[in-house]
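Overview (structure and organization)
Here are the chains, one letter per residue:
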Amino acid sequence: MREAIGGSLRRARTDRRRTLREVSRRARVSLGYLSEVERGRKEASSELLAAICEALDLSLSDLLGDAAEVLAAAAFEVAGPSRRPVGLRHTDLRIAGVDEPAAPVGMPLAPVTAPITLPQPVARAAA
């Protein structure tokens, strides 16, 4: 997670053609610490992430959304194309192993069409 957030911060900074020094001054964080956060070596607090995002003119939700996409892509590579990873965005949430989306909050769930079979107890031999 640290590496995904750090990579997203670095991409945002370089896309905006800002230097580490400039962002560290605007965010009021040391240049070395900002560099460690970008490399995924340090985990920034939510307050520090908000300050860095403000210095980059970037919303915190955009930063976290980008990091979530990076994590989802990494999970897909690990799982392989035959297995779809669990979605990380609220519009793409899935219950693992279920292909259909869950019903919206307040909506009744569809009735179960197949009977549920429970395992039968094993009879014990008399001693």
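Everything discussed here concerns the structure shown above.
All of these numbers come straight from a predicted model, not from anything done at the bench.

Details of the environment of Gly 65
- Among the structural elements, Gly 65 can be located in helix 5 (residues 60-79).
- Take Gly 65: its relative accessible area is 11%, and that puts it in the buried class.
- When the C-alpha positions of Gly 65 and Ile 5 are compared, they lie 9.5 Å apart, and in sequence the two are 60 residues distant.

Some thoughts on the packing of helix 1 (residues 2-15) against helix 3 (residues 31-38)
- Where helix 1 meets helix 3, the closest approach of the two axes is 7 Å, and the angle between their N-to-C directions is 115°. Between helix 1 and helix 3, the contacting residues are Arg 2, Gly 6, Gly 7, Leu 9, Arg 10 and Arg 13 on the first element and Ser 35, Val 37 and Glu 38 on the second.
- Grouping the amino acids of the contact of helix 1 with helix 3 by side-chain chemistry returns 2 nonpolar, 3 polar and 4 charged.

Some details on the pattern of salt bridges
- Applying the stated criterion across every chain yields a total of 7 salt bridges.
- Measuring nitrogen to oxygen at the nearest pair gives 2.7 Å for the salt bridge that ties Arg 39 to Glu 36.
- For Arg 39, a relative accessible area of 35% corresponds to the partly exposed category.
- Among the residues examined, Glu 36 registers a relative accessible area of 23% and is labelled partly exposed.

Cut-offs and rules
Residues numbered from 1 in each chain as written. Predicted model: local features only at pLDDT ≥ 70, side-chain atom pairs only at ≥ 80, totals over all residues. Heavy atoms only, no water. Helix = DSSP H or I, 4+ residues; strand = E, 2+ residues; numbered from the N terminus. Buried < 20%, exposed > 50% of the residue type's maximum accessible area, 1.4 Å probe, protein only. Axes fitted to C-alpha atoms, helices over the stretch in contact; angles between N-to-C directions. Contact = heavy atoms within 4.5 Å. Nonpolar A, V, L, I, M, F, W, Y, C, P; charged D, E, K, R; others polar. Salt bridge = Lys/Arg side-chain N within 4 Å of Asp/Glu carboxyl O.

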